Amino acid sequence: MKNLNDKDLMKVEGGSISVGLLSVIIAGVAAGVTFLIGVIDGIVRPLKCN
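This text gives an overview of the structure that appears in the document. (Residues numbered from 1 in each chain as written. Predicted model: local features only at pLDDT ≥ 70, side-chain atom pairs only at ≥ 80, totals over all residues. Heavy atoms only, no water.)

## Quick look at the overall build of the protein
Consideration 1: Helix and strand counts for the protein come out as two helices and zero strands.
Consideration 2: Scaling as 2.2 N^0.38, a compact globule of 50 residues should have a C-alpha radius of gyration of about 10 Å, whereas the protein reaches 23 Å, well beyond that.
Consideration 3: Dimensions of the protein, computed from C-alpha atoms along their principal axes, come out at roughly 65 × 30 × 15 Å.
Consideration 4: For the protein, with 50 residues in total, the buried portion stands at 0%.
Consideration 5: Roughly 5,200 Å² of accessible area belongs to the protein as shown, and the carbon and sulfur atoms make up 67% of that amount.
Consideration 6: Placing the 5 positive and 4 negative side-chain charges of the protein at their respective mean positions leaves the two points 7 Å apart. (Helix = DSSP H or I, 4+ residues; strand = E, 2+ residues; numbered from the N terminus. Rg over C-alpha atoms; globule rule 2.2 N^0.38 Å. Buried < 20%, exposed > 50% of the residue type's maximum accessible area, 1.4 Å probe, protein only. Areas by Shrake-Rupley, 256 points an atom, 1.4 Å probe, with all protein chains shown as cover. Lys, Arg positive; Asp, Glu negative; His and termini not counted. Charge placed at Lys NZ, Arg CZ, Asp CG, Glu CD.)

What follows is the structure, encoded as structure tokens:
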């Protein structure tokens, strides 16, 4: 095993999670669909609050 000095440690890349535009769009669409399903369910099948 090799010990890294400060210069080598600064060059190390990786371990981060990058959020791409496509995944943000997919998450937004999924949130919108979930919201619409909840609204439609509330209109079609209203439940009384206890």
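From this point, things continue past the structure.
## Concerning the environment of Thr34
Consideration 1: Its location among the elements puts Thr34 in helix α2 (residues 21–44).
Consideration 2: Residue Thr34 is classed as exposed on the basis of its relative accessible area of 56%.
Consideration 3: As for Thr34 and Leu9, which are separated by 25 residues in sequence, their C-alpha atoms are 44 Å apart.

Taken by themselves, the reported measurements are silent on function.
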